[in-house]
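# Overview (structure and organization)
Chain by chain, the residues:
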Amino acid sequence: MKILITGNMGYVGSVLVKRLRVSYPEAELIGFDMGYFGNCISSNDILPECRVDVQRFGDVRRFPKQLLTDVDAVVYLAALSNDPLGNAFETATFDINHRASVSMAQAAKEAGANAFIYASSCSVYGYAEDGARTEESPVNPLTAYAKSKVWTERDIAPLADLKFKVTCLRFATACGMSDRLRLDLVLNDFVAGAVASKKISILSDGTPWRPLIHVKDMTRAIDWAVRRELAAGGPFLTVNVGDDRWNYQVRELAEAAAEVIPGVEVSINKNAQPDKRSYRVSFEKFKRLAPGYTPEIELITAVTELRDGLIAIGFKDENFRQSHFIRLNVLARLKQAGRLTHDLEWAFGSGAIAS
Ligand SMILES: NC(=O)c1ccc[n+]([C@@H]2O[C@H](COP(=O)([O-])OP(=O)(O)OC[C@H]3O[C@@H](n4cnc5c(N)ncnc54)[C@H](O)[C@@H]3O)[C@@H](O)[C@H]2O)c1
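These figures come from a predicted structure and were not determined experimentally.

Right, let's get into the pattern of salt bridges. Under the defined criterion, the tally for this structure stands at 22 salt bridges. Here D179 and K18 are joined by a salt bridge, their closest N and O atoms 3.8 Å apart. Highlighted residues: D179 in the loop between strand 8 (173-175) and helix 5 (186-197) and K18 in helix 1 (residues 11-23), separated in sequence by 161 residues. Classification of D179 as buried rests on a relative accessible area of 7%. Residue classification places K18 among the partly exposed positions, given a relative accessible area of 33%. In this structure, the salt-bridge partner of D308 is R307, at a minimum N-O distance of 2.9 Å. Exposure remark for D308: the relative accessible area of 39% places this residue in the partly exposed category. By relative accessible area, which is 23% here, R307 ends up partly exposed. One network of salt bridges, with partners in common, ties together D59, R61, R62 and E345.

This part covers the packing of helix 1 against helix 6 (residues 215-227). Helix packing for two helices is described by the angle between their axes and how far apart those axes are. Viewed as axis vectors pointing N to C, helix 1 and helix 6 meet at an angle of 55 degrees, and their least axial separation amounts to 9 Å. By the angle class used here, helix 1 and helix 6 are oblique. Two packed elements cross with a definite hand, and for helix 1 against helix 6 that hand is right-handed. Only V215, K216, M218, T219, R220, I222, D223 and R227 of helix 6 make contact with helix 1, whose side of the interface consists of Y11, V12, V15, L16, R19 and S23. Residues of the contact of helix 1 with helix 6, tallied by class, amount to 7 nonpolar, 2 polar and 5 charged.

Soluble globular proteins tend to bury their nonpolar side chains together. Residues I3, V75, L187, F190 and I222 are the most contacted members of the largest nonpolar core, which totals 80 residues. Ignoring any residue separated from it by four or fewer positions in sequence, one finds I222 in contact with V12, L16, V75, L77, L169 and F171. Core analysis: the second largest hydrophobic core is formed by 40 residues, F63, V74, V102 and V166 among them.

Of all residues adjacent to the ligand, which total 30 residues, the nearest are D33, S81, Y145, A174 and R182. Y36 is positioned with one of its backbone polar atoms (N or O) 3.4 Å from an oxygen atom of the ligand. Between an oxygen atom of the ligand and a side-chain N or O atom of K149, the distance comes to 2.9 Å. A total of 830 Å² of accessible area belongs to the ligand in isolation, and the protein chains cover 98% of it. It is strand 5 (residues 115-121) that provides the largest number of residues to the shell around the ligand, a total of 3 residues. Grouping the constituent residues of the shell around the ligand by class yields 17 nonpolar, 8 polar and 5 charged.

Within this structure, the stated rule accounts for 12 aromatic pairs. Aromatic side chains W224 and F286 sit 5.7 Å apart centroid to centroid with 85 degrees between the ring planes, which places their arrangement in the edge-to-face category. Here F286 lies in helix 8 (residues 284-289) and W224 lies in helix 6, a separation of 62 residues in the sequence. Accessibility classification places W224 together with F286 in one group, the buried group. Feature note: the residues Y36, F37, W346 and F348 constitute an aromatic cluster, connected by ring pairs. Above the ring of F37, the side-chain terminus of R327 is found at 4.0 Å from the ring centroid.

All right, on to the sheet that holds strand 8 then. Across the sheet, 3 strands lie side by side as 8-10-12; this open sheet has mixed pairing. Whereas interior strands pair on both sides, the edge strands pair on one side only; in this sheet they are strand 8 and strand 12 (247-249). Mean inter-strand twist for the sheet, computed between neighbouring axes without regard to direction, equals 50 degrees. Direction of pairing for strand 8 relative to strand 10 (residues 209-214): parallel, over a ladder of 3 bridges. Each residue of the ladder has a partner; that of T173, found in strand 10, is L212.

This part covers the packing of helix 5 against helix 9 (residues 299-312). Where helix 5 contacts helix 9, the axes come no closer than 10 Å and their chain directions differ by 50 degrees. As far as their axial angle goes, helix 9 and helix 5 are oblique. The interaxial crossing formed by helix 5 with helix 9 has right-handed handedness. Of helix 9, the residues touching helix 5 (which contributes L187, N188, V191, A192 and V195) are L299, A302, V303, L306, R307, L310 and I311. Taken together, the residues of the contact of helix 5 with helix 9 sort by class into 10 nonpolar, 1 polar and 1 charged.

Thresholds, definitions, all that
Residues numbered from 1 in each chain as written. Predicted model: local features only at pLDDT ≥ 70, side-chain atom pairs only at ≥ 80, totals over all residues. Heavy atoms only, no water. Salt bridge = Lys/Arg side-chain N within 4 Å of Asp/Glu carboxyl O. Helix = DSSP H or I, 4+ residues; strand = E, 2+ residues; numbered from the N terminus. Buried < 20%, exposed > 50% of the residue type's maximum accessible area, 1.4 Å probe, protein only. Axes fitted to C-alpha atoms, helices over the stretch in contact; angles between N-to-C directions. Parallel < 35°, antiparallel > 145°, perpendicular 65-115°, else oblique. Left-handed = near helix turned anticlockwise from the far one by under 90°. Contact = heavy atoms within 4.5 Å. Nonpolar A, V, L, I, M, F, W, Y, C, P; charged D, E, K, R; others polar. Core = buried A, V, L, I, M, F, W, Y, C linked by side-chain atoms within 4.5 Å. Near = heavy atom within 4 Å. Polar contact = N/O pair within 3.5 Å; in protein donor to acceptor, adjacent residues only side chain to side chain. Areas by Shrake-Rupley, 256 points an atom, 1.4 Å probe, with all protein chains shown as cover. Phe/Tyr/Trp six-rings, centres within 6.5 Å; stacked < 30°, edge-to-face > 60°. Lys NZ or Arg CZ within 6 Å of the ring centre and 35° of its normal. Pairing = 2+ DSSP bridges.

Here it is in structure tokens:
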């Protein structure tokens, strides 16, 4: 078995390769990544890429199709992975998250792969105050990031057939430790604030709803999607991935962090503009289709693990919102330094890179 993972050098990918290495010990794992966050390591463990058999550096916008030869499954994680990146780099977001994803799915089908797994997001629901969203609910993408996910789902759907299973996993917001940690995720931000400064500052008024999922549970869902039978969802499947018990209001997440890390002061922003993102999601379909692969980790366990993981790497940075654990900071700085072009291509060969 051969599995190609795009975006394997990110937050989710670094956890995913660990899972796939154990789950498919005989498989050839191929990683393909631009390497934007290669330096953003947050562990004393081995480099996550040591677990894949082949690591290729490259841009999904110019994907070398020969890499798809004999590939059975493609897991497509490569993306500009949040709203702030989508706002700062809108064109690149549509090119990478939408156009390149669709081209890759087409190429994978032509090359004879039998499964394509796309990392979509519950942020496609945007703002929805009236009850939990199901896969049949109308989408309401409010940002370039969310639109890129909706458009990809739409455009890869017609490719699915009995020989080419397409699975769009609409993930809840991730949390938890990874060898390439992100702190621009709500629970991770709260725990980092609690560990570094005993302060949690909620940027909103704390009321928005945000379903969450532990990153390890995301990788269990991907594992399921790689091996799912056609009977479980048919050739084309869009499914919300998370757990009904993990629909939290933002302030409840802060309270959970404060419960595990005593003496923490929680502040909310009473003057915040109403959050544009607020939605509850139904994960009933995933529970029905993927018994044995639904989320297992509890919120308190997630907070405890994250606290311990941060302490283990000596994390003390009170200004972490300015750090390289925030995806936007990394790309903005690389661009400012001339390492990346405006379109987020590597600026090799330019004067700036020679230094
Ligand atoms: N983390 C979450 O909360 C969450 C929730 C829902 C969906 N997702 C989706 O899951 C996927 C992985 O998210 P993540 O948190 O690991 O993000 P991340 O930013 O940590 O990782 C994304 C990876 O994609 C790579 N990449 C970006 N552009 C590329 C290009 N042009 N060519 C090749 N590689 C490129 C980056 O170098 C990075 O390694 C994304 O598609 C994201 O939208 C994440």
